[in-house]
Amino acid sequence: MNSSNSDVKNNKDVNLIWKECLVYIKEQIPPLTYLTWFTPIIPLELTDSTIKVQVPSEFFIDWIEEKYRSVIDNAITNILGQKYNLVYVVLHNPEKEDYENIIAATEPQTKIQIKLDKPLPKHDTHINIRYTFENFIKGEGNQLARAAAVAISDNPGQTSFNPFFIYAGVGLGKTHLIHAIGNNIIKKFPDKKVIYLPSDLFTVQFVEAIQANKVNDFSSFYKGMDVLIIDDIHDLIGKEKTQDLFFHVFNTLHQSGKQIVLSSDKPPKDLKGLNERLISRFQWGLSADMQPPDFETRIAILRNKCQSIGMSLSKEIIEYIAYNITSNIRELEGCLIKLLADSSFNSRDINLELARKTVNEVATKKNLQISIDTITKAVCNYFEIAETKLREKNRRKEIALARQIAMYLSKELTNSSLKAIGLNFGGRDHSTVIHAHNLINKLIEKDYTIKSTIEKIKSLI
Ligand code: ADP
Ligand code: MG
């Protein structure tokens with residue numbers, strides 16, 4: 001009774017308290033930094049030990065944790081007199097208002113009323129309203145995939161592109177394009193049940209359903225969709241039971257003319273370790289690949305992105321970036337955001353020199369092309385332990401150290417987000433990764449053996 005009363009009170013106060021924190025934070029950092037990293041944060045909930053905030057992307061979490069966590073902690077301790085945990089929620093799911101705004105922005109006046117009277121999707125679609133066809137830049141490398149995606153969203157389930165299977169390397173726009181399909185269908189056919197989810201979330205939900213004895217509910221939920229969009233289907237490799245269940249969901253949907261959209265890092269035939277019967281079904285519809293963008297497309301993407309984040313860069317700098325970052329659109333964007341961040345963090349102008357430095361940092365990581373998997377293997381090889389140990393809860397000293405080194409190297413040598421790194425080491429959260437990274441950093445400075453251990457492991461990678 002008592003605690004629920006205080007929860008209600010706390011929830012009411014979270015906005016107020018966050019505002020006070022912001023006043024404090026604003027004094028500690030440059031104005032542009034504040035604008036870039038703090039105005040987009042939305043406070044959600046305050047409990048006895050936790051403040052929950054919403055941020056626009058996982059990149060935000062990484063950046064805030066790395067650069068501003070101590071500023072935030074200080075602010076909170078100052079205002080509330082004690083430390084609180086910070087929990088981030090990434091916005092994936094449109095608020096009603098956002099949805100209305102989007103419709104209002106894209107539809108002629110007369111239609112708005114009609115659309116708004118229709119019910120909004122009742123389940124969580126997981127569709128990110130930011131990924132649309134309008135902001136997906138056309139280029140030679142994505143022409144077919146994009147055209148097919150548009151055709152599907154005009155006529156879900158009714159074209160021969162079923163399933164629609166998109167494959168491409170990382171950062172080339174798979175997730176963006178399949179969300180765009182979802183967004184367009186929701187806009188055109190508000191009554192259709194659309195759902196997006198990454199396949200590892202599908203797996204997690206399935207495992208939870210097994211534990212809760214609700215497999216039937218789980219499978220009938222998905223069998224009831226009109227449009228099922230599953231991202232990174234290659235993540236089902238090795239997950240036999242999930243594959244079996246997905247097979248049945250797939251069949252039911254396909255037989256009743258419902259649209260299935262899948263993305264993967266490889267074409268169906270190369271998905272070694274995936275059940276043959278799934279592979280053959282994936283080939284029933286249309287498989288389309290996406291290639292890295294050419295120079296002109298890279299320029300167009302950079303211009304578009306600059307415009308959307310309100311950043312102005314000279315032609316020279318845009319061309320410099322487009323010339324040097326060639327194989328990954330996420331890196332192109334990452335480079336822009338890093339430039340903006342570096343310039344605001346250090347109160348510096350964005351000039352060619354800063355661009356050069358930023359491109360080099362982004363490009364070095366890229367050229368190494370190292371995966372968390374490779375790092376895990378090298379670390380386990382060195383310490384002579386089984387890879388599974390790094391994913392277990394095991395706190396034995398050597399195992400914990402090996403795990404921390406693996407997290408450290410993953411953060412140093414790959415472009416993976418803290419969240420992705422944590423997930424790869426037994427579902428640990430981003431703060432554990434940050435902690436491991438800081439710890440190893442300190443050890444490297446102090447302890448020569450650790451330093452040489454890390455060097456040896458690097459040479460194994
Ligand atoms: P993938 O899922 O293939 O790894 P994403 O869809 O996450 O790649 O794309 C990475 C980033 O690049 C996203 O922010 C996305 O919006 C952007 N992006 C990818 N392709 C395009 C494009 N053709 N036009 C504009 N932005 C793009
Ligand atoms: Mg993706």
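Data block above holds the structure.
1. Some words on the overall build of the chain
- Within the chain, the regular secondary structure consists of 21 helices and 8 strands.
- Each of the 461 residues in the chain was classed as buried or not, and the buried ones make up 45%.
- Long-range contacts, defined here as pairs at least 24 residues apart, represent 73% of the contacts in the chain between residues at least 6 apart.
- Counting only carbon and sulfur atoms, one obtains 51% of the accessible surface of the chain, whose full area is about 23400 Å².

2. What to know about the sheet that holds strand S1 (residues 42–46)
- Pairing is mixed across the open sheet formed by 3 strands, whose spatial order is S1-S2-S3. Sheet topology places S1 and strand S3 (85–90) at the edges, where each strand pairs with a single neighbour. Strand-to-strand twist of the sheet, defined as the mean angle between neighbouring strand axes without regard to direction, takes the value 25°.
- Bridge count for strand S2 (residues 50–55) against S3 is 6 bridges, and the pairing is parallel. Residue pairing for S3: glutamine 54 is matched across the bridge by valine 89.

3. Concerning the packing of aromatic side chains
- As enumerated under the stated definition, the model contains 17 aromatic pairs in all.
- On the basis of an interplanar angle of 50° and a centroid distance of 5.2 Å, the ring pair of phenylalanine 202 and phenylalanine 218 is categorised as tilted. Of this pair, phenylalanine 202 sits in helix H8 (residues 199–211) while phenylalanine 218 sits in helix H9 (residues 215–223), and the two are 16 residues apart along the sequence. Per residue, the accessibility class of phenylalanine 202 equals that of phenylalanine 218, and both read buried.
- Plain terms: the ring middles of phenylalanine 295 and tyrosine 323 are 6.4 Å apart, the flat faces sit at 80° to each other, and that makes the pair edge-to-face. With phenylalanine 295 in helix H12 (residues 295–308) and tyrosine 323 in helix H13 (residues 315–324), the pair connects residues that are 28 residues apart, well separated along the chain.
- The exposure class assigned to phenylalanine 295 is partly exposed, which follows from its relative accessible area of 29%.
- Tyrosine 323 gets classed as exposed once you look at its relative accessible area, which sits at 63%.

4. Regarding the site of ligand 1
- With respect to spatial proximity, 17 residues lie near ligand 1, and among them Ile137, Gly171, Thr175, His176 and Glu333 are the closest.
- If ligand 1 stood free it would expose 560 Å²; the protein chains cover 92% of that surface.
- Secondary structure elements with two or more residues in the shell around ligand 1: helix H7 (174–188) and helix H14 (329–345).
- The class makeup of the residues in the shell around ligand 1 is 7 nonpolar, 7 polar and 3 charged.
- Taken domain by domain, the makeup of the shell around ligand 1 includes at least three residues from each of domain 2 (143–290) and domain 3 (295–367).

5. Topic: the packing of helix H20 (residues 430–446) against helix H21 (residues 448–460)
- In the contact formed by H20 and H21, the axes pass within 5 Å of each other and the chain directions differ by 115°. By the angle between their axes, H20 is roughly perpendicular relative to H21. Between H20 and H21 lies a crossing whose hand is left-handed. Between H20, through Ile440, Leu443, Ile444 and Lys446, and H21, the contact on the second element is made entirely by Tyr448, Ile450, Lys451 and Ile454.
- For the contact of H20 with H21, a count of residues per class yields 6 nonpolar, no polar and 2 charged.

6. Here we look at helix H3 (residues 58–80)
- For H3, which comprises 23 residues, the first-to-last C-alpha distance of 27 Å sits more than 12% below the rise-based estimate of 33 Å (1.5 Å per residue).
- The largest bend along H3 reaches roughly 75° and is located at tyrosine 68.

7. Regarding the environment of asparagine 128
- Relative to the assigned elements, asparagine 128 resides in the loop between helix H5 (109–117) and helix H6 (143–154).
- Expressed as a C-alpha distance, the spacing of asparagine 128 and histidine 176, which sit 48 residues apart in the sequence, is 8.7 Å.
- Side-chain polar atoms of asparagine 128 contact the backbone nitrogen of arginine 130, separated by 2.9 Å.

8. Quick word on the nonpolar core
- By size, the foremost hydrophobic cluster in this structure holds 48 residues, and its most contacted members are Phe164, Leu177, Ile181, Ile229, Leu313, Ile321 and Leu339.
- Taken domain by domain, the makeup of this core includes at least three residues from each of domain 2 (143–290) and domain 3 (295–367).
- Counting residues in hydrophobic clusters, the runner-up holds 29 residues, among them Tyr34, Phe38, Ile72 and Ala341.

9. Quick notes on the sheet that holds strand S7 (residues 259–264)
- Strand order in the open sheet formed by 5 strands is S5-S6-S7-S4-S8, with parallel pairing between adjacent strands. Every interior strand has two partners, whereas the edge strands, strand S5 (194–198) and strand S8 (286–289), have only one. For this sheet, the mean angle separating the axes of adjacent strands, direction not counted, is 15°.
- Pairing geometry for strand S4 (residues 164–167) and S7, over 4 bridges, is parallel. When the bridges of S7 are listed, phenylalanine 164 appears paired with valine 261.

10. Thoughts on the pattern of salt bridges
- Taken as a whole, this structure holds 14 salt bridges when the rule is applied.
- Measuring nitrogen to oxygen at the nearest pair gives 3.1 Å for the salt bridge that ties lysine 411 to glutamate 66. Separated by 345 residues along the polypeptide, lysine 411 in helix H18 (residues 397–413) and glutamate 66 in helix H3 bring together distant segments of the chain.
- Its relative accessible area of 13% is what places lysine 411 among the buried residues.
- Three or more residues joined by partner-sharing salt bridges are found here, namely Glu65, Arg69 and Asp73.

11. Side note on the environment of isoleucine 321
- Relative to the elements of secondary structure, isoleucine 321 occurs in helix H13.
- Measuring from C-alpha to C-alpha, the distance between isoleucine 321 and leucine 332 comes to 7.3 Å, with 11 residues separating the pair along the chain.
- Beyond its immediate chain neighbours, meaning those up to four positions away, isoleucine 321 contacts Leu302, Leu313, Leu332, Cys335, Leu336, Leu339 and Val359.

12. Examining the packing of H6 against H7
- As a packed pair, H6 and H7 sit with axes 8 Å apart at the nearest point and diverge in direction by 25°. Considered as vectors, H6 and H7 are oriented roughly parallel to each other. Between H6 and H7 lies a crossing of right-handed hand. Mapping the contact onto sequence places Ala145, Arg146, Ala149, Ile152, Ser153 and Asp154 in H6 and Leu177, Ile181, Asn184, Ile185 and Lys188 in H7.

Rules behind the numbers
For every chain, the first residue of its written sequence is number 1, and the numbers climb from 1 along that sequence. Each chain is given a letter, starting from A, and each ligand a number, starting from 1, according to the order in which they appear as written. Owing to the predicted nature of the model, reporting of local features is limited to residues with pLDDT of at least 70; listing and counting of side-chain atom pairs is limited to 80 or more, with chain, interface and lining totals taken over all residues. Values reported for side chains reflect all heavy atoms of the structure, with hydrogen atoms and water molecules removed beforehand. Counting from the N terminus, the helices are DSSP H or I runs at least four residues long and the strands are E runs at least two residues long. Here's how the labels work: a residue is buried when its accessible area is under 20% of the maximum for its type, exposed when over 50%, partly exposed in between, all with a 1.4 Å probe on protein chains only. In this analysis, two residues are considered to be in contact whenever any of their non-hydrogen atoms come within 4.5 Å of each other. Computed by Shrake-Rupley with a 1.4 Å probe, the accessible areas treat only the displayed protein chains as cover when residues are assessed. Paired strands, as defined in this entry, are two strands with at least two bridges between them according to DSSP. Angles shown run from 0 to 180 degrees and are taken between the N-to-C directions of axes, each axis being a line fitted to C-alpha atoms and, for helices, limited to the stretch in contact. Think of it this way: a Phe, Tyr or Trp ring, Trp meaning its six-membered ring, pairs with another when their centres are within 6.5 Å, and the plane angle makes it stacked under 30 degrees, edge-to-face over 60, tilted otherwise. The cutoff for a nearby residue is simple: one of its non-hydrogen atoms must lie within 4 Å of the molecule or strand. In this classification, the charged set is Asp, Glu, Lys and Arg, the nonpolar set is Ala, Val, Leu, Ile, Met, Phe, Trp, Tyr, Cys and Pro, and all remaining amino acids, among them Gly, are polar. Start and end points for every domain follow an automatic or database-based domain assignment. Here roughly perpendicular refers to angles of 65 to 115 degrees, roughly parallel to angles under 35, roughly antiparallel to angles over 145, and oblique to all remaining angles. Crossings are classed by handedness, with left-handed meaning an anticlockwise turn of the near helix from the far one by less than a right angle and right-handed meaning a clockwise turn. Every helix has an expected span of 1.5 Å times one less than the residues it contains. Working definition for bend: take the seven residues up to and ending at a residue and the seven starting at it, fit an axis to each, and measure the angle between the axes. Polar contacts, as used here, are pairs of N or O atoms within 3.5 Å; protein pairs need one atom able to donate a hydrogen and one able to accept it. Residues neighboring in sequence count only if both atoms are side-chain atoms. Working definition of a nonpolar core: buried Ala, Val, Leu, Ile, Met, Phe, Trp, Tyr and Cys residues. They are joined through side-chain atoms within 4.5 Å. Every case where a carboxyl oxygen of Asp or Glu lies within 4 Å of a side-chain nitrogen of Lys or Arg is listed as a salt bridge.

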